[in-house]
Number of protein chains: 2
Amino acid sequence: MAEHVLDKSKIHNKWDNRIAPALKVEPGDIVHFETDEVTGGQVRPGAPASVLMNLDFDKLYPLGGPIYVKGAAPGDTLEVEILSFKPLEWGWAGLIPGLGLLKDDFTEPYIRYFDLTEGQTTALRDDIRIPIQPFCGTMGVATDDEGPFDVLPPTRGAGNIDTRHLNAGARLHLPVFVEGALFSAGDCHAAQGDGEVCVTGIECPMAFSLRFNVIKGQAIPGFRYRFFTPPGPIQPAYDWAGYYVTTALGPDLFVNAQNAVRDMIEWLGKEKNLSPEDAYILCSVAADLRISQIVDAPNWSVSAYMPLSVFR
Amino acid sequence: MAEHVLDKSKIHNKWDNRIAPALKVEPGDIVHFETDEVTGGQVRPGAPASVLMNLDFDKLYPLGGPIYVKGAAPGDTLEVEILSFKPLEWGWAGLIPGLGLLKDDFTEPYIRYFDLTEGQTTALRDDIRIPIQPFCGTMGVATDDEGPFDVLPPTRGAGNIDTRHLNAGARLHLPVFVEGALFSAGDCHAAQGDGEVCVTGIECPMAFSLRFNVIKGQAIPGFRYRFFTPPGPIQPAYDWAGYYVTTALGPDLFVNAQNAVRDMIEWLGKEKNLSPEDAYILCSVAADLRISQIVDAPNWSVSAYMPLSVFR
């Protein structure tokens, strides 16, 4: 078992199976990554929200990789053991016109910065503290489709999956489409709720370490992934005080999610004196979208769960 | 503050604002309910699955009520404090042809019975134990629409919302459409995961107690409800061992939910030697559907979380 440090310059911004491997590793090896936040340096602490109007989309998603895992072949499963995360000092969350669950409600850019040196939480306001629970927003493999492909849409090989419980101790299973799997990761979040409703978590530069294994002959279909969360409760720092929950009923799960979040934003304004923009960001970085029931036709329930632990 | 025992004979099976109140209470009063399981006695322990083919739908959903809460008027919010539950000895879960998230995959009736006298868990198999975390599958109010209406579809006044975290200690907020609110409840579950994917939780006769309050002049739109979960973690008996998670990506949240559950059923068959029918039931009574991300267009992530604590 070897450990490798991936040179920080070894990044790419598109999925493309023609990109040469940045590193070749044996199954069982560990790779230490360090990646910039999702805009690749276009956002820096204190920059005005207008920076989000002029993003160069070709520089988004600086991903570390590709990692070639020896022995991985099409039809195998790549297992990624998620070993550790270290957020690098600061993060941001924002509203980007044209993106997000409520893109028609919020049309102006908006940005907030977070100090990630304060310990186990980071403040949205003095009395609103978000537990830090880091993960890679993007982990995936190159597919056998001819690229390049933008990273924002998840692909058959996963990628921008923004799944909050892929924390240290988790094991992610991904399909393999090409020899060596060609895995890449980055787009790290210090915290994010299920849904990532405003389109950002707390985006931050991050150091992280992953171990790679190959499960031979066990295929996963495209557009699927599977994982084990770490042993123990999945979000104890969020969970201990209970939740305020807003639920919307109706035949369209997407619309229900929108309405549940709208209700939560209204409550946060009224009860916690948050602006709509800050409330939307708080939903994105801390609240969870759950499908409460999907069988009582025609009106399914989608719920937004806000952890009351964030209010101090 | 008075306590009332609702006579067990005071049930109704449709939403209809013309049904006379079973009880009139003051704000702050407590009502002790006892209701049969969702089929109103058509299912009894040991009955064959074929009973699910011949259900009299007019006898489904025996709800205790209506409760007339004095002072509640259209435009107010009814607060229901959920005080306690006592499952009454046994429960069932089953597959009902034509219903459920995977109704096209499972077309035959199937039924399992559960012993609810064993303490804090109930067994699907000797080595698979489901924590008991009871709630009312149905809580709602009559609307100002002219009835009668079936209970299966949730209405503007909520009703069959099957929301697993409405446990003892929670406070539910519902809209009020008619004088006195006309609240009813029943359809109790000893356990259920978010989604209730096979269309039943562990359905059981239940004794439960609720307190009613009126929040004057605070309106909730129809097809919405809101609640505070009890203080503390929301599902600690499920949460302590981590989860196995299957996720499906794609533009349709409903299809993603189907595919995530299909993947989980496959895993339960392979790893836990469960039949597809038992695996589907285990998903319904113990696994949670979460929307991991709903912003990475066009491929949203829906995840099924199976608590590993159920495997002993």
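Whatever comes next refers back to the structure up there.
These numbers come from a predicted model, not from an experiment.

Calculation notes
Residues numbered from 1 in each chain as written. Chains lettered and ligands numbered in written order. Predicted model: local features only at pLDDT ≥ 70, side-chain atom pairs only at ≥ 80, totals over all residues. Heavy atoms only, no water. Axes fitted to C-alpha atoms, helices over the stretch in contact; angles between N-to-C directions. Helix = DSSP H or I, 4+ residues; strand = E, 2+ residues; numbered from the N terminus. Parallel < 35°, antiparallel > 145°, perpendicular 65-115°, else oblique. Left-handed = near helix turned anticlockwise from the far one by under 90°. Contact = heavy atoms within 4.5 Å. Disulfide = S-S within 2.5 Å. Buried < 20%, exposed > 50% of the residue type's maximum accessible area, 1.4 Å probe, protein only. Expected span 1.5 Å × (residues − 1). Polar contact = N/O pair within 3.5 Å; in protein donor to acceptor, adjacent residues only side chain to side chain. Buried area = accessible area lost by both parts, 1.4 Å probe. Salt bridge = Lys/Arg side-chain N within 4 Å of Asp/Glu carboxyl O. Least-squares fit on C-alpha atoms with pLDDT ≥ 70 in both. Pairing = 2+ DSSP bridges.

Asker: Could you clarify how one ought to interpret the packing of helix 2 (residues 253-272) of chain A against helix 3 (residues 276-286) of chain A in this entry?
Answerer: Residue and element names in this part refer to chain A. At a minimum axis distance of 9 Å, the contact between helix 2 and helix 3 shows a crossing angle of 125 degrees. The orientation of helix 2 with respect to helix 3, classified from their angle, is oblique. Considering only the axes of helix 2 and helix 3, their crossing is right-handed. Counting all contacts with helix 2, which are made through Val-261, Met-264, Ile-265 and Leu-268, the residues of helix 3 involved are Pro-276, Ala-279, Tyr-280, Leu-282 and Cys-283.

Asker: Just to check I follow, could you spell out the state of the cysteines for this structure?
Answerer: What is meant by a disulfide is a covalent connection between two cysteines, made through their sulfur atoms. Applying the stated criterion to the full structure yields zero disulfides over all chains. Cysteine Cys-204 of chain A remains unbridged, with the sulfur of Cys-188 of chain A as its closest cysteine sulfur at 6.4 Å. Classification of Cys-204 of chain A by relative accessible area gives buried; the value is 0%. No disulfide involves Cys-283 of chain B; its nearest neighbouring cysteine sulfur is the one of Cys-198 of chain B, lying 9.1 Å away. Residue classification places Cys-283 of chain B among the buried residues on the basis of a relative accessible area of 4%.

Asker: How should I be thinking about helix 2 (residues 253-272) of chain B in this particular structure?
Answerer: Since the α-helix packs 3.6 residues into each turn, any two residues three or four apart lie on the same face. Over its 20 residues, helix 2 of chain B runs 27 Å from end to end, which matches the ideal 28 Å to within 8%, given 1.5 Å per residue. Among all positions of helix 2 of chain B, only Leu-253, Asn-256, Ala-257, Gln-258, Asn-259, Ala-260, Val-261, Asp-263, Met-264, Ile-265, Trp-267 and Leu-268 of chain B are buried. Elements that come into contact with the buried residues of helix 2 of chain B comprise strand 16 (224-228) and helix 2 of chain A together with strand 17 (243-250), helix 3 (276-286), strand 18 (288-293) and strand 19 (300-307) of chain B. A side-chain oxygen of the first residue of helix 2 of chain B lies 2.8 Å from the backbone nitrogen of Phe-254 of chain B; this N-cap is Asp-252 of chain B. Note on helix 2 of chain B: the residue one or two positions beyond its end, Asn-273 of chain B, has a positive phi of about 55 degrees.

Asker: Looking at this model, I keep getting lost on the interface of chain A and chain B. Mind explaining?
Answerer: How large an interface is tends to be reported as the accessible area lost when its parts come together. Between chain A and chain B, the contact holds 68 residues from the first and 68 residues from the second. Summing the contributions of chain A and of chain B, the shared interface buries around 5600 Å²; its carbon and sulfur component is 54%. Contact with chain B buries area across many residues of chain A, yet Leu-249, Arg-290 and Val-295 of chain A alone supply 12% of it, more than any other trio. Here chain A and chain B share eight salt bridges between them.

Asker: Even after reading the chapter, I still don't get the environment of Gly-269 of chain B, so can you show me in this structure?
Answerer: Its location among the elements puts Gly-269 of chain B in helix 2. Considering only alpha carbons, one finds Gly-269 of chain B and Ala-279 of chain B, 10 residues apart in sequence, at a separation of 7.0 Å.

Asker: Sorry if this is basic, but what is going on with the relation of the copies chain A and chain B here?
Answerer: Mapping between the two chain copies consists of a rotation about an axis together with a translation along that axis. In screw terms, the move from chain A to chain B is a rotation of 180 degrees and a rise of 0.0 Å along the axis, fitting with an RMSD of 0.0 Å. This pairing of chains is accounted for by a two-fold axis. Judged by C-alpha distance, Arg-290 of chain A is the residue of chain A that lies nearest the rotation axis, at 2.2 Å. When the interface residues of chain A are mapped onto chain B, 100% of them are again interface residues, pointing to one common binding face.

Asker: So what exactly am I meant to see when it comes to the pairing of strand 6 (residues 77-87) of chain B here?
Answerer: Within a regular beta strand, the side chains point alternately toward one face of the sheet and then the other, so they alternate between its two faces. Residue and element names in this part refer to chain B. Burial analysis of strand 6 places eight of its 11 residues in the buried class, the great majority of the element. Note that strand 6 and strand 13 (residues 171-175) share five bridges and pair antiparallel. Within the sheet, the bridge partner assigned to Glu-81 lies in strand 13 and is Arg-171. For strand 6 and strand 15 (residues 206-215), the ladder comprises 10 bridges, and the chain directions are antiparallel. By the bridge assignment, Lys-86 is partnered in strand 15 with Ala-207.

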